[in-house]
2 protein chains.
Amino acid sequence: MSDIFSALRDAVGEQAIRTGAAINPKHFTDWTRHAPAQPLAVVFARSTEQVAAVLRLCNAHGQPVVPQGGMTGLAGGAIPGTADIVVSLEQMAGIEEIDPAAATMTVLAGTPLQVIQEAAREAGFEFGLDLGARGSCQIGGNIATNAGGTRVIQSGMTRDLVLGLEVVLADGTVLSSLNKMIKNNTGYDLKQLFIGSEGTLGVITRAVLRLQPQRTSCQTALCALPDYDTAVRFLHQLRRHLGGDVSAFELMWPSFFELGVSLTRDRKSPFAERHPLYALVEQRGFAEQADAERFGAALSEALEAGWLSDAVLAQSGSEANALWAIRECTAEFPQRLAPINFDISLPIGKIGAFADECQRLFDAQWGPHLSLFFGHIGDSNLHVTVDGNTVPGVTHEAVDQLVYSLLRRYGGSVSAEHGIGLLKREFLPYSRTAEELACMRRIKQALDPNGILNPGKLFE
Amino acid sequence: MSDIFSALRDAVGEQAIRTGAAINPKHFTDWTRHAPAQPLAVVFARSTEQVAAVLRLCNAHGQPVVPQGGMTGLAGGAIPGTADIVVSLEQMAGIEEIDPAAATMTVLAGTPLQVIQEAAREAGFEFGLDLGARGSCQIGGNIATNAGGTRVIQSGMTRDLVLGLEVVLADGTVLSSLNKMIKNNTGYDLKQLFIGSEGTLGVITRAVLRLQPQRTSCQTALCALPDYDTAVRFLHQLRRHLGGDVSAFELMWPSFFELGVSLTRDRKSPFAERHPLYALVEQRGFAEQADAERFGAALSEALEAGWLSDAVLAQSGSEANALWAIRECTAEFPQRLAPINFDISLPIGKIGAFADECQRLFDAQWGPHLSLFFGHIGDSNLHVTVDGNTVPGVTHEAVDQLVYSLLRRYGGSVSAEHGIGLLKREFLPYSRTAEELACMRRIKQALDPNGILNPGKLFE
């Protein structure tokens, strides 16, 4: 052990290594606060060469390595064990290049998402990834977990925003694929392997990101709907009118909506009556007036077709913010509830039936209680929250079993955007076949034969 | 050998196997007509189970297998050797499901692209892949080669249009990942491995395709430009006005444009003068009138800014077709020229300089000759054609060396959309590092340890 530490010191310098009480506890766990543990050491790499040197050493010694970014994960994917060495990318931060012709940005893995968003904006572009942790999360972690967030319906997942990657493999090999081209069919698209593999196949050190033209107009409406199938019909009708300009379709079930309203400043629903479902819809485009006309026409058509029971069209940015405030009540959950949260996905046509059956299951099991459903349904993503305060004695494990067993019957996915990490490992076989899992292990074995990279994450 | 044939007959039936003179010569080579060879046998699989049985047998016997689709490839990726067994997917054709809520279509691998396009249209959607071979190519081959085509700027590559895959591995394992969800972060995204791997890692048997809302409006213009940098500025300006509705940006250099004009019916350029560059631009959207206004506004702004030297806006479908006819002169190349074609890509900002230097290199080497440049530059894709008839004694190999050596210096890709197959294998190291190639081999070794799948394609 002293061997490897002295070699590590030679590779990265004394000051780049923290051990024992000198380790900041932020490295012990992620935003889940699950199973905090003090690792053997934290190494702050400052270059790809240093990451390579550290991995080469650890691989030679069979020493487990846990890559860490901003520690904002929600599945435990970056939580270390007490015998692990953490490689933190936080000191490898910065934007190396913006190429306006290619519409790309080359960044170091430790760059915070918000820094990237702002730099894109300054250059007249936008970066399509956005999520609540934007100020703390790092792009390397976003890529390693294939982060989703609030713009997926318009911009896709992180995977869709990455053109090139530089990755260090377990044995210290530097795989440089800093591609800037949209079309490039030269053999296997290796970067795809590392995106979403949660640090188990390599350590991401650099990325070429795809930028989009900056959208300048925004329309927002809150719509009341009679049932789920009509909501899906409305979603597709919006797309037939607005194409890729549909930037949000947030569907809220009544208990979620009513809690959301109760947490706004004036606690007043925009609607006189209660409705079975509410959709917050948004269009982001490039021409304020023409977009407003197209948006208005789409809503009018839906109203005339009888798909909408009611609708409120925001007339200003502050009115739009007031509508979003209802949906963003999720930010208050940790303070107001004892939230047991689920991030799942299903084929879009099945989300309504699943939500209904899940609600009935909860009711039958627990009687009166508070559970909340909302979904980015255009992305096939449903979030379910059970307020543990309203179900005496309930455990996260018990609700997991209920939700994931039902989900399995529906052919859904146990992780839409958060990943598997440690926390969903047990349920991965609910969504992937034995053959798929065996194939994943073959890949893992091929790239990390000593199993040093983020051991225990994704699979045992 | 007789062993394996009798086992194959048991697995798929006598009638599903052709040998010797009974093999249709269409199985000998692809659209390149390169190195035709009569394989040992062609097996027409009619189910995933049959493909699995065939691969299991061949794997056990170390028997090389070449998967074949519509044989429209342009890199030799499906050409058999005389000791190979071909597995043809052509009898596994058909659309199994259209899910309108999920906006997906589930198809068998042997389904021709055009059948898919038409079925999507009938269901009120469109499938974003289109290419000249649409009537003959099969979706399995499109996926295996990550086909590009004419709509990439709007819809992405085939990779972006695939949500799920069913694949048979070399050992006969059926990997069923028929995912319909946009967000699904449950472990490695295995389908990405097979997309674009040219049949070297598995045989694709089924796919879940992503459909898009049907676009109903189309605007077209031909623009004359003073130089390449202005063309890039114009491209980005169009995107800032029209976002994802930009559906074509086809840049033509003068010799290409002039040949194109000379092959149209009236042989008359739409412009009074010659110009350094010509861009055929197209917008496809959802609202004829509003789209026409946005398109017109974008063109006016570009004219006022002095970026366009001239522009012709098509006033009807037939006028648009007449403009496209110039660009589509490529269809006449095989009859009119002795074309030596290149399908390459470069970072968008470098395409202009590359094209100029390539032209100078050709001129210096050969003196007066005909070479043609045009590019889907929004996709970073450049096509170069040398008319061998105008360069006495020139060989494809000699031009390959010239073009790819220059391209290597520019950091470009030797295959934008056609793949590597047999024909570009020698040049793959020009675009990928030794570390990337070694990593590809590790993956190949992990999934096909006996090397039976499409041996010799991509790498030796």
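What counts, and where the lines are drawn
Residues numbered from 1 in each chain as written. Chains lettered and ligands numbered in written order. Predicted model: local features only at pLDDT ≥ 70, side-chain atom pairs only at ≥ 80, totals over all residues. Heavy atoms only, no water. Contact = heavy atoms within 4.5 Å. Buried area = accessible area lost by both parts, 1.4 Å probe. Salt bridge = Lys/Arg side-chain N within 4 Å of Asp/Glu carboxyl O. Pairing = 2+ DSSP bridges. Helix = DSSP H or I, 4+ residues; strand = E, 2+ residues; numbered from the N terminus. Axes fitted to C-alpha atoms, helices over the stretch in contact; angles between N-to-C directions. Buried < 20%, exposed > 50% of the residue type's maximum accessible area, 1.4 Å probe, protein only. Domains from an automatic or database assignment. Nonpolar A, V, L, I, M, F, W, Y, C, P; charged D, E, K, R; others polar.

- Looking at an unreviewed UniProt entry, one finds chain A named FAD-linked oxidase and attributed to Pandoraea thiooxydans.

1. A look at the interface of chain B and chain A
Move 1: Taken together, the contacts link 81 residues of chain B with 81 residues of chain A.
Move 2: Buried surface at the junction of chain B and chain A, both sides included, amounts to about 6300 Å², of which 61% is carbon and sulfur.
Move 3: Contact with chain A buries surface across chain B, with K183, N185 and Y188 of chain B losing the most and accounting together for 17% of the total.
Move 4: In this assembly, chain B and chain A are joined by eight salt bridges.
Move 5: Two residues, D379 of chain B and K183 of chain A, come together in a salt bridge whose shortest N-O distance is 3.6 Å.

2. Details of the sheet that holds strand β4 (residues 85-88) of chain A
All names here are of chain A.
Move 1: Within the open sheet, the four strands sit side by side as β1-β2-β4-β3. Their pairing is mixed. The sheet terminates laterally at β1 (17-19) and β3 (65-68), the two strands that pair on one side only. Each strand of the sheet is rotated relative to its neighbour by a mean of 20°, with strand direction disregarded.
Move 2: Examined bridge by bridge, strand β2 (residues 41-44) and β4 share four bridges and lie parallel to one another. Residue pairing for β4: F44 is matched across the bridge by S88.

3. Observations regarding the side chain of S155 of chain A
Move 1: For S155 of chain A, the location among the structural elements is in helix α5 (residues 152-155).
Move 2: Residues contacting S155 of chain A, with those up to four places away along its chain left out, are G128, D160, L161 and Q212 of chain A.

4. Some remarks on unusual backbone geometry
Residue and element names in this part refer to chain A.
Move 1: Unusually for a residue other than glycine, A103 sits at a positive phi of about 60°.
Move 2: Within the secondary structure layout, A103 lies in the loop between β5 (95-99) and β6 (104-108).
Move 3: Of the residues examined, A103 reaches a relative accessible area of 7% and is grouped as buried.
Move 4: Of note, the phi angle at R267 is positive, near 50°, even though the residue is not glycine.
Move 5: Within the element layout of this structure, R267 appears in the loop between α8 (254-262) and β14 (277-285).
Move 6: We classify R267 as exposed; its relative accessible area is 63%.

5. Here's the deal with the environment of E435 of chain B
Move 1: Residue position: E435 of chain B is located in helix α15 (residues 434-447).
Move 2: Beyond its immediate sequence surroundings of up to four residues, E435 of chain B is in contact with T173, V174 and L175 of chain A.

6. Considering the domain arrangement of chain A
Residues and elements named next belong to chain A.
Move 1: Taken domain by domain, chain A comprises domain 1 (2-88), domain 2 (95-213), domain 3 (217-330) and domain 4 (337-434).
Move 2: For domain 2 and domain 4, the distance between their C-alpha centres works out to 29 Å.
Move 3: Contact with domain 2, which involves nine residues of that partner, is made by seven residues of domain 4.
Move 4: Of the roughly 530 Å² buried between domain 2 and domain 4 on both sides combined, carbon and sulfur atoms contribute 43%.
Move 5: Three residues, G149, I153 and E198, lead the burial of domain 2 against domain 4; their summed loss comes to 57% of the area buried on that side.
Move 6: Here domain 2 and domain 4 share zero salt bridges between them.
Move 7: Partitioned by chemical class, the residues of the side of domain 2 that touches domain 4 number four nonpolar, four polar and one charged.

7. Quick word on the pattern of salt bridges
All names here are of chain A.
Move 1: Counted according to the given criterion, the structure contains 48 salt bridges over all chains.
Move 2: With a closest N to O distance of 2.8 Å, E97 and K180 form a salt bridge. A residue pair is termed long-range when its members are at least 10 positions apart, and E97 in strand β5 and K180 in the loop between β9 (174-177) and α6 (191-194) qualify at 83 residues.
Move 3: Accessibility expressed as a relative area gives 32% for E97, which makes it partly exposed.
Move 4: Taking relative accessible area as the criterion, K180 reaches 16% and is therefore assigned buried.
Move 5: Across the salt bridge formed by D99 and K180, the nearest N and O atoms sit 2.9 Å from each other. Of the two residues, D99 is situated in strand β5 and K180 in the loop between β9 and α6; the sequence distance between them amounts to 81 residues. Each member of the pair D99 and K180 is classed as buried.
Move 6: A cluster of three or more residues bridged by salt bridges with shared partners is formed by E126, R215, D245, R284, D291 and R294.

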